[in-house]
Amino acid sequence: MANDCHFHSEVISVSEQTTKHISHLARTIPPSGIRRYFDIAQQMEDIVSLGVGEPDFMTPWKICDAAISSFEHNTSYTSNAGLPSLRNAISQYLDQRFGTYYDPDHEVVVTSGVSEGLDVAIRATIDPGDEVLTVDPIFVSYAPCITMSGGVSVPVPCLEKDQFRLTPDAIMERITPKTKALVLNFPNNPTGAVMRREDLCSIADICVDHDLLVLSDEIYAEMTYEGDHVAVASIPELYDRTITLSGFSKAWAMTGFRVGYLCAPKELCQAALKIHQYVMMSAPTASQYGALEALRGELDDVREMIREYRLRRNMIVDGLVRAGLSCHMPQGAFYAFPSIESTGLSDIEFAERLIREAHVAAVPGSVFGPSGAGHIRCAYAVSRSDLSIALERISDFISSL
Ligand code: PMP
């Protein structure tokens, strides 16, 4: 009864009362623009969603099996940095695959996805007032995480005329005495752009001259369709100043496992580990066993999925161009990023109308940063038959404008 009275007396002001308890940060940080389209898509019937960057494949069964079997012998925390066997496997994988060696005992931390890795990396390195250059457009978590650390995120445009690659000039124009770090993400979400070795070499001198730390999110490394992925830390001048982030969500179709890793020279890695141990303790144990299995053998399952993504990539770019849009050929990840400027609509209007009128979900490019405006992101993580329906609908929608 006392509780009822208490509730009743406060009922009028309950929302004001609770809002008062919310921090300035939580009140002012915007919700993710991607989720909005996902939520609309879920409420409508007969939608083909090119909205969310999530593989449509099931996780290869041997990975699930290893995770399930682990419950029979280990349901504890692991060491904060992760299972030693998994850190060894990550170290060997990165060395053999991309020519970057990290000491598994001191230079590898297993994280709860790259999402946690990027937060920890930023918190371990960015002080209030530090400026952080971020390639623009980029995955939606970077700017909020930089803000949450008190840093200032400074978008560096990667333009279509440069195949969405980062150029030395674009960096130079934005460097100030407060610039502390550069965030890279290639293959890029949302453009699918990759950086070639010569592109990375051309920005390495700037990083050295201006003493920049580099955070490199390489979660799409395996999803590189032309040539081999070039790891940022494989550029000798950059190795000492780079934190490499990667994980299993995309290429191994393991989003729900929540497992990734952060690798960096010892001092940087140990700083990140301190934060990880307080906020996460350790990445999910069963998922770590799954990840260990993922790195065993020849990565045949990954290759199979990449072959399919490559076919879809060709199909979607072809379909978008036939529909009348100009579309750069993505070299990696699983997104097409066509320009919709010729339609006279903004990217927000285009995406809103596309979902409501044509029942195809895509994400407006401006969600990923100012340079994304005028584009939409279409994830080709759907079957070819769904892709073909989506392309037909997009074409009809554009003809109807
Ligand atoms: N980085 C990029 C570039 C991404 O696109 C995503 C997921 N869309 C993430 C990080 C988050 O990945 P994870 O599932 O490992 O947290």
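Refer to the structure above for everything that follows.
Criteria and cut-off values
Residues numbered from 1 in each chain as written. Predicted model: local features only at pLDDT ≥ 70, side-chain atom pairs only at ≥ 80, totals over all residues. Heavy atoms only, no water. Salt bridge = Lys/Arg side-chain N within 4 Å of Asp/Glu carboxyl O. Helix = DSSP H or I, 4+ residues; strand = E, 2+ residues; numbered from the N terminus. Buried < 20%, exposed > 50% of the residue type's maximum accessible area, 1.4 Å probe, protein only. Patch = residues over 30% accessible without salt bridge, like charges linked within 9 Å, V, L, I, M, F, W, Y side chains within 5 Å. Areas by Shrake-Rupley, 256 points an atom, 1.4 Å probe, with all protein chains shown as cover. Pairing = 2+ DSSP bridges. Axes fitted to C-alpha atoms, helices over the stretch in contact; angles between N-to-C directions. Parallel < 35°, antiparallel > 145°, perpendicular 65-115°, else oblique. Left-handed = near helix turned anticlockwise from the far one by under 90°. Contact = heavy atoms within 4.5 Å. Nonpolar A, V, L, I, M, F, W, Y, C, P; charged D, E, K, R; others polar. Expected span 1.5 Å × (residues − 1). Near = heavy atom within 4 Å. Polar contact = N/O pair within 3.5 Å; in protein donor to acceptor, adjacent residues only side chain to side chain. 1 Å grid on protein atoms, 1.4 Å probe; cavity = no way out; pocket = protein on both sides within 12 Å on 5 of 7 lines; lining within 4 Å. Sits in = over half its atoms within 2 Å of the grid points.

Participant: Quick question: what am I supposed to make of the pattern of salt bridges here?
Facilitator: One side chain can pair with another of opposite charge once the charged atoms of both are near each other. Inspection of the entire model under this criterion finds 19 salt bridges. Two residues, Lys161 and Asp162, come together in a salt bridge whose shortest N-O distance is 3.3 Å. One salt bridge in this structure joins Arg165 and Asp199, with 3.4 Å as the shortest N-O distance. Residue Arg165 is located in the loop between β4 (152–157) and α9 (168–172), and its partner Asp199 is located in helix α10 (residues 197–209); the two are separated by 34 residues in the primary sequence. Taking relative accessible area as the criterion, Arg165 reaches 10% and is therefore assigned buried. Overall, Asp199 belongs to the buried group, its relative accessible area being 10%. Among the charged side chains, a salt-bridge network with shared partners connects Asp56, Glu308, Arg312 and Arg384.

Participant: Would you mind going over a nonpolar patch on the surface with me for this structure?
Facilitator: Together, Trp61, Ile68 and Phe71 line one region of the surface with nonpolar side chains, adding up to about 380 Å² of accessible area. You can see Trp61 is positioned in helix α5 (residues 61–70). Note on Trp61: relative accessible area 57%, which makes it exposed.

Participant: Sorry if this is basic, but what is going on with the sheet that holds strand β11 (residues 363–364) here?
Facilitator: The strands making up a sheet associate through backbone hydrogen bonding, with each pair oriented either parallel or antiparallel. Read from one edge of the open sheet, three strands run β9-β12-β11, paired in antiparallel fashion. The outermost strands of the open sheet, each flanked by one partner alone, are β9 (335–336) and β11. Examined bridge by bridge, β11 and strand β12 (residues 376–379) share two bridges and lie antiparallel to one another. When the sheet's bridge partners are listed, Val363 is paired in β12 with Arg377.

Participant: Just checking my understanding: could you explain the packing of helix α15 (residues 347–358) against helix α16 (residues 384–400) for this structure?
Facilitator: Two numbers describe a pair of packed helices, the interaxial angle and the distance between the axes. Packing of α15 against α16 leaves a shortest axis separation of 10 Å and a crossing angle of 110°. Taken together, the axes of α15 and α16 lie roughly perpendicular to each other. Viewed along their axes, α15 and α16 form a crossing whose handedness is right-handed. Here Phe350, Arg353, Leu354, Glu357 and Ala358 of α15 come into contact with α16, specifically with Arg393, Ile394, Phe397 and Ile398. Here the contact of α15 with α16 is built from residues that sort into six nonpolar, no polar and three charged.

Participant: Explain helix α6 (residues 84–98) here, please?
Facilitator: Helix length check: α6, at 15 residues, gives a terminal C-alpha distance of 21 Å against a target of 21 Å (1.5 Å per residue), a fit within 8%. Those residues of α6 that fall on the buried side of the exposure criterion are Leu86, Arg87, Ala89, Ile90, Ser91, Tyr93, Leu94 and Phe98. Buried residues belonging to α6 abut β2 (108–111), β8 (260–263) and α13 (285–294). At the exit of α6 stands Gly99, carrying a positive phi of roughly 70°.

Participant: Would you mind going over the pairing of strand β7 (residues 242–247) with me for this structure?
Facilitator: Among the six residues that make up β7, six are buried, leaving the element largely enclosed by the rest of the structure. Both faces of β7 are covered, namely the face carrying Thr242, Thr244 and Ser246 and the face carrying Ile243, Leu245 and Gly247. Both strand β6 (residues 213–217) and β7 contribute to a ladder of four bridges, which runs parallel. From the neighbouring strand, Asp217 faces β7, where its bridge partner is Leu245. Where β7 meets β8, four bridges bridge the pair, whose relative direction is antiparallel. Of the residues in β8, the one forming a bridge with Leu245 is Leu262.

Participant: Just checking my understanding: could you explain the site of the ligand for this structure?
Facilitator: Contacts to the ligand come from Gly113, Val114, Ser115, Phe139, Asn185, Asn189, Asp217, Ile219, Tyr220, Ser249, Lys250 and Arg258. The contact in question runs from an oxygen atom of the ligand to an N or O atom on the backbone of Val114, over 2.7 Å. A distance of 2.6 Å separates an oxygen atom of the ligand from a polar side-chain atom of Ser249. At a threshold of 2 Å from the grid points, most atoms of the ligand map onto the largest pocket. Ranked by the residues each element gives to the shell around the ligand, the list is headed by helix α7 (residues 113–125), at three residues. Considered class by class, the residues forming the shell around the ligand number four nonpolar, five polar and three charged.

Participant: Looking at this structure, I do not really get unusual backbone geometry. What am I missing?
Facilitator: Leaving glycine aside, a negative phi is the common case for residues, and trans is the common case for peptide bonds. Geometrically, the link from Phe186 to Pro187 is a cis peptide bond, its omega value of -10° lying close to zero. Within the secondary structure, Pro187 sits in the loop between β5 (179–185) and α10. Note that the residue after Asn189, namely Pro190, is joined by a cis bond; omega there is 25°. With respect to the helices and strands, Pro190 occurs in the loop between β5 and α10. Here Arg258, not a glycine, exhibits a phi torsion of approximately 55°, which is positive. Position of Arg258 among the secondary structure elements: in the loop between β7 and β8. Residue classification places Arg258 among the partly exposed positions, given a relative accessible area of 32%.

Distances and angles like these do not, on their own, reveal function.
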